[in-house]
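Descriptive analysis of the structure
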Amino acid sequence: MLASPAAAAENRFPQPLAEESLPSVAKLPAVWPQSWVTVHDFHFNAIVDGRVAVVDTADPVQPLKGLVRASQFANLLIAKDKGELYTAETFYPRLTRGERTDAITVWDMATLQPKGEIVLPGGKRQQSVTYPHLFQFTNGGKWALVANFTPAQSVTVVDLAARKVLGEIDLPGCSQIYPTGERGFTSLCADGSLFSVALDANGAAASSKSVAHVQNIDNQALFSTPAMVGTTAWFVSFHGMIQGFDLSGTVAKPIPGTFSVGTAEGGSPEWRPGGWQVINADASGKLYVLMSPYGKEGSHKDGGTEVWVVDPAKKARTLRIPLKGQTLAIAVTKESTPHLVAAQANGTIDIFDAATGAFVRTLGATVAANPILIQVP
């Protein structure tokens, strides 16, 4: 005689699962471990559902610790001292249509829940594939600077503590925001110059100055995302030349003596930097540059297969790190033993020992569909 379905099920599952209490919401540590990073998931197939993943690079089993919404080409800032995250976002009431609202959302780092909002006027926040220098701190982290593009270019100054907009600075022909001095910023301009603005206590422009010919736009154009070492911004060009800028004063100063990341055999046709986030730095000031052997005109966003480590004090390459696949973004953690985090084009996140280049672990393609930017708190 055959057992009934109920009896058969009882034999297979003699102990039912315990009831789960709902809602069940976990909190993150108030202070994130130094192995944690954020990975911006552009989510190309559904840009309105973009997000930022909070990722533990030391946990191969469950690296994804949480998600923050970051829709419509959003940008992210992390304020560890305040326990807050800020996303500059754009919203439409009918998802993809209706009246546009730009806003800065304030998130709690422990709960990843929104705790405030600052509406930005004019519907002019720059919407482009995410660059970190479209949304930056200044004035000791008390203010945020938001890049605008209509296509007229400007920067909105926001008081984060008071949750209000202070003003707007016109920025014709220049783009990106690099915090400069105590209270100001610098942008790179289409004619190869830079433009530095110092702000007064009310967020208005107190002074400004252009510095001509800081980059060769035609032959050595710079990637717009630098590696920051203190107040020094290290940029790399499409052809692998390193250029530093001192951002400690009111006006940015080019550091004399550009130098090459180096050359190597095996390029088809040659080794060049390539990817979306192509340069980063560790706590000692060494630079990490994402390199591709398939460098040619127009290859600068194609990704890379090695990371070359460069000592800017010696102006020399010290290490080559082979990667596991075509990689678009790299960053270095602030751990006592720093790790290189590499995001592949297929979504896979790999972890390497930054000092030796040894492969440590892979997190797989588990945290983001399109990881294009890694930020280290």
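Here is a short report on the structure shown in this document. (Residues numbered from 1 in each chain as written. Predicted model: local features only at pLDDT ≥ 70, side-chain atom pairs only at ≥ 80, totals over all residues. Heavy atoms only, no water.)

Now for the packing of aromatic side chains. Tallied over the entire structure, the rule returns 11 aromatic pairs. A centroid spacing of 6.0 Å and a plane angle of 85° characterise the contact between Tyr86 and Phe137, whose relative ring orientation is edge-to-face. Within this pair, whereas Tyr86 is found in strand S5 (residues 84-91), its partner Phe137 is found in strand S8 (residues 135-138), the two being separated by 51 residues in sequence. Owing to a relative accessible area of 18%, Phe137 belongs among the buried residues under this scheme. Three or more aromatic residues joined by ring pairs form one cluster here, namely Phe42, Phe44 and Phe73. Taking NZ or CZ as reference, Arg317 lies 4.5 Å from the ring centre of Trp308, over its face. Just above the ring of Trp271 sits the side chain of Arg320; from NZ or CZ to the centre is 5.3 Å. (Phe/Tyr/Trp six-rings, centres within 6.5 Å; stacked < 30°, edge-to-face > 60°. Helix = DSSP H or I, 4+ residues; strand = E, 2+ residues; numbered from the N terminus. Buried < 20%, exposed > 50% of the residue type's maximum accessible area, 1.4 Å probe, protein only. Lys NZ or Arg CZ within 6 Å of the ring centre and 35° of its normal.)

By the criterion of burial, strand S17 (residues 232-236) is predominantly enclosed, with five of the five residues buried. Alternating positions in S17 separate into two faces, Thr232, Trp234 and Val236 on one and Ala233 and Phe235 on the other, with burial throughout. Where strand S16 (residues 227-229) meets S17, three bridges bridge the pair, whose relative direction is antiparallel. Looking at the pairing, Met228 lines up with Ala233 of S17. Hairpin remark: S16 followed by S17, antiparallel, with two residues in the connecting loop; positive phi at Gly230, about 65°. Note: S17 against strand S18 (residues 241-246), five bridges, orientation antiparallel. (Pairing = 2+ DSSP bridges.)

Let's shift gears to the sheet that holds strand S3 (residues 64-69). In any sheet, the strands associate via hydrogen bonds between backbone groups, in a parallel or an antiparallel arrangement. What the four strands build is an open sheet, ordered S3-S2-S1-S29; its pairing is antiparallel. On the outer flanks of this sheet lie S3 and strand S29 (371-375), each paired with one strand and no other. Strand after strand, the sheet turns through a mean of 25° between neighbouring axes, direction not considered. Summarising the sheet, strand S1 (residues 36-41) and S29 pair through four bridges and their orientation is antiparallel. Bridge assignment links His40 to a residue of S29, and that residue is Leu373. (Axes fitted to C-alpha atoms, helices over the stretch in contact; angles between N-to-C directions.)

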